[in-house]
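Residue-level listing of the chains:
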Amino acid sequence: MFDKAYFIQDCIDAIAEGQGAVRDVVAKAVADGAGILSELGEPEHAGVTPLYRSDELTIINFVWAPCMSLMPHNHQMFSVVGIYAGREDNVFWRRTETSIEAAGARSLGVGEVATLGREIIHSVLNPIGKMTCAIHVYGGDFFQPAAPRSQWDPESLREQPWDIGHVKSLFRDAEARFNAVASRSDQVPV
Ligand SMILES: [Fe+2]
C-alpha cells in the first residue's frame, strides 16, 4: 500500500542514483493508483501541491482540472511523471530558430510513467471531464531552479520567462470554469 513518508524517502534515496532509479520508485507507486488516492485523499481542487522540496529533489502532487491545458514549458532539470487517476496528454516540442514546433506526443493513463530529460519542452492537457492526478518528481528545486526556465505563449508560441504565479492561476481558473459549467448544466431541465 502506498505510504507518503516511505515514498518520499524512496525518492530521496533514488535521486542519488539518477533518473532511472526515480522512475522505478514512481512506477511502483502508481501501479497502485487506488492506494495513492486513499493516502493523499480524493482530489477536491485542481492545483500543484508540493509533497517534498529540496535543492536536489521536488515531489509534487498535480491535480489537473477537467479539460484544462498548460502551455509549453521547460524544467531545466529531469522529471518523472506518473499518473494515478485520469489521463494526461503530453505534447513534446523542439526549438526552431525563432520559436518552437510540436515534435511528438504521449498520452499517459493510470499506472503509466514518462521520463523527461533536462532539456524537454512539453505542454500538458487533461483530456477528460474529471480531475487527473499525477505525481511529478523533479531532479532539482522545481520552484527555484538553478537555471532560468521558460514558458511559451500557447497561441503565439513566443518564449517568456516561467511564471509560477501565472501557472497557479491557470489551475484556479480552469477549476472555476469547470465548476461554472457543471452548475449551469445542473440547472438545465431534463
Ligand atoms: Fe512540466
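In what follows, the structure referred to is the one given above.
Calculation rules
- Residues numbered from 1 in each chain as written.
- Predicted model: local features only at pLDDT ≥ 70, side-chain atom pairs only at ≥ 80, totals over all residues.
- Heavy atoms only, no water.
- Donors = N, O, S within 2.8 Å, 3.2 Å for Na, K, Ca; no water.
- Buried < 20%, exposed > 50% of the residue type's maximum accessible area, 1.4 Å probe, protein only.
- Core = buried A, V, L, I, M, F, W, Y, C linked by side-chain atoms within 4.5 Å.
- Helix = DSSP H or I, 4+ residues; strand = E, 2+ residues; numbered from the N terminus.
- Contact = heavy atoms within 4.5 Å.
- 1 Å grid on protein atoms, 1.4 Å probe; cavity = no way out; pocket = protein on both sides within 12 Å on 5 of 7 lines; lining within 4 Å.
- Points joined across faces, edges and corners; volume = space filled by probe spheres on them.
- Nonpolar A, V, L, I, M, F, W, Y, C, P; charged D, E, K, R; others polar.
- Salt bridge = Lys/Arg side-chain N within 4 Å of Asp/Glu carboxyl O.
- Pairing = 2+ DSSP bridges.
- Axes fitted to C-alpha atoms, helices over the stretch in contact; angles between N-to-C directions.
- Polar contact = N/O pair within 3.5 Å; in protein donor to acceptor, adjacent residues only side chain to side chain.
- Expected span 1.5 Å × (residues − 1).

(A) Representation of the coordination of the iron ion. Here the iron ion is held by the protein donor atoms H73 (NE2), H75 (NE2) and H122 (NE2), which lie 2.0 to 2.1 Å from it. Between consecutive donor residues of the iron ion, the sequence gaps follow H-x1-H-x46-H. The same class applies to H73 and to H75, which are both buried.

(B) Highlighting the nonpolar core. Within the largest apolar cluster, 53 residues are counted, with the highest numbers of intra-cluster contacts made by F7, I59, F62 and V137. Among the elements that make up this core, the one with the highest residue count is helix α2 (residues 19-30) (seven residues). Excluding anything up to four places from it in sequence, F62 contacts G47, V48, T132, C133, A134, H136, Y138, F142 and F171. Formed by five residues, the second largest nonpolar core is a distinct cluster that contains W93, I100, I121 and W152.

(C) Structural context of the environment of L57. Mapped onto the fold, L57 is located in the loop between β1 (47-53) and β2 (58-64). Each C-alpha atom, one on L57 and one on S79, is 9.6 Å from the other, the two residues being 22 residues apart in sequence. With sequence-adjacent residues up to four places away left out, L57 is seen in contact with C11, I12, I15, Y52, V137, Y138 and G140.

(D) A look at empty space enclosed by the protein. Counting across every chain of the model gives one cavity of 30 Å³ or more. Counted as a void, the largest cavity has a volume near 40 Å³. Around the largest cavity, the lining residues are F62, W64, L70, H73, H75, H122, V124, H136, Y138, F142 and W162. Split by residue class, the lining of the largest cavity holds seven nonpolar, four polar and no charged.

(E) Summary view of the pattern of salt bridges. Taken as a whole and assessed by the stated rule, the structure comprises four salt bridges. The partner of E159 in a salt bridge is R95, and the shortest N-O contact between them spans 3.0 Å. Residue E159 is found in strand β11 (residues 159-161), and its partner R95 is found in strand β5 (residues 87-95); the two are separated by 64 residues along the sequence. Overall, the relative accessible area of 39% leaves E159 in the partly exposed class. A salt bridge links E119 to R118, with the nearest nitrogen and oxygen atoms 3.8 Å apart. Since its relative accessible area comes to 59%, E119 is described here as exposed. The class for R118 is partly exposed, based on a relative accessible area of 45%.

(F) Main features of the sheet that holds strand β9 (residues 132-138). Strand order in the open sheet made by the five strands is β1-β2-β9-β4-β7, with antiparallel pairing throughout. Of all the strands in the sheet, the pair left with one neighbour each is β1 and β7 (113-116). In this sheet, adjacent strand axes meet at a mean angle of 20 degrees when their direction is disregarded. Pairing of strand β4 (residues 79-85) with β7, which is carried by four bridges, proceeds in the antiparallel orientation. Residue pairing in the sheet places V80 in a bridge with T115 of β7.

(G) Representation of the environment of S183 in the model. By the secondary structure assignment, S183 is in helix α4 (residues 164-186). Relative accessible area serves as the criterion here: at 35%, S183 is assigned to the partly exposed category. In this structure, the C-alpha to C-alpha distance between S183 and H45, residues 138 residues apart in sequence, is 16 Å. Within the structure, the side chain of S183 is placed 3.1 Å from the backbone oxygen of A180, a separation counted as a polar contact.

(H) Expanded view of α4. Between its first and last C-alpha atoms α4 spans 33 Å; for 23 residues at 1.5 Å apiece the expected length is 33 Å, and the two agree. For α4, the secondary structure elements touched by its buried residues are β1, β2, β3 (69-74) and β10 (150-152). Regarding α4, its N-cap is D163, as a side-chain oxygen of that residue lies 3.0 Å from the backbone nitrogen of G165 further along.

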